[in-house]
Amino acid sequence: MRSRVLDVVKDSFEPGVPYPEAKVNAICGEWFDDWVTLRRALVDDGMLRRNDSGAIYERV
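Let's shift gears to the packing of aromatic side chains. Under the defined criterion, the tally for this structure stands at one aromatic pair. Taking the centre distance of 5.2 Å and the plane angle of 90 degrees together, the rings of Phe-13 and Tyr-19 count as edge-to-face. The buried category is assigned to Phe-13, whose relative accessible area is 1%.

Here's what the structure looks like:
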């Protein structure tokens, strides 16, 4: 169930487009009040990746 929900949220991000952390937070916040947990789940499940500084995210 969790992976299906995350898969739907993942579609809010275009592949190959870099997103600053603030934009990722805003998009995740549209789906869930606890956007930090949602963002972390997307990264942990390999749907988003962060650059080395952690400031830019990209859909995998």
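What follows is about the pattern of salt bridges. The tally for this structure, following the rule as stated, stands at five salt bridges. Two residues, Arg-59 and Asp-11, come together in a salt bridge whose shortest N-O distance is 3.5 Å. Of this pair, Arg-59 sits in strand E3 (residues 56-59) while Asp-11 sits in the loop between helix H1 (2-10) and strand E1 (19-20), and the two are 48 residues apart along the sequence. One salt bridge connects Glu-21 with Arg-39, and the closest N-O pair in it is separated by 3.4 Å. Of this pair, Glu-21 sits in helix H2 (residues 21-31) while Arg-39 sits in helix H3 (residues 35-44); the two residues are 18 residues apart in sequence, bridging distant segments of the chain.

Next up on the list: H2. For H2, the set of buried residues is Val-24, Asn-25, Ile-27 and Cys-28. The buried residues of H2 occupy an angular sector of 165 degrees when projected down its axis, which confines them to one face. Seen from the buried face of H2, the exposed residues on the opposite side, beyond 90 degrees, are Ala-22 and Glu-30. Looking at the packing, one finds that the buried side of H2 touches E1, H3, strand E2 (48-50) and E3.

Procedures and definitions
- Residues numbered from 1 in each chain as written.
- Predicted model: local features only at pLDDT ≥ 70, side-chain atom pairs only at ≥ 80, totals over all residues.
- Heavy atoms only, no water.
- Phe/Tyr/Trp six-rings, centres within 6.5 Å; stacked < 30°, edge-to-face > 60°.
- Buried < 20%, exposed > 50% of the residue type's maximum accessible area, 1.4 Å probe, protein only.
- Salt bridge = Lys/Arg side-chain N within 4 Å of Asp/Glu carboxyl O.
- Helix = DSSP H or I, 4+ residues; strand = E, 2+ residues; numbered from the N terminus.
- Arc of directions from axis to C-beta.
- Contact = heavy atoms within 4.5 Å.

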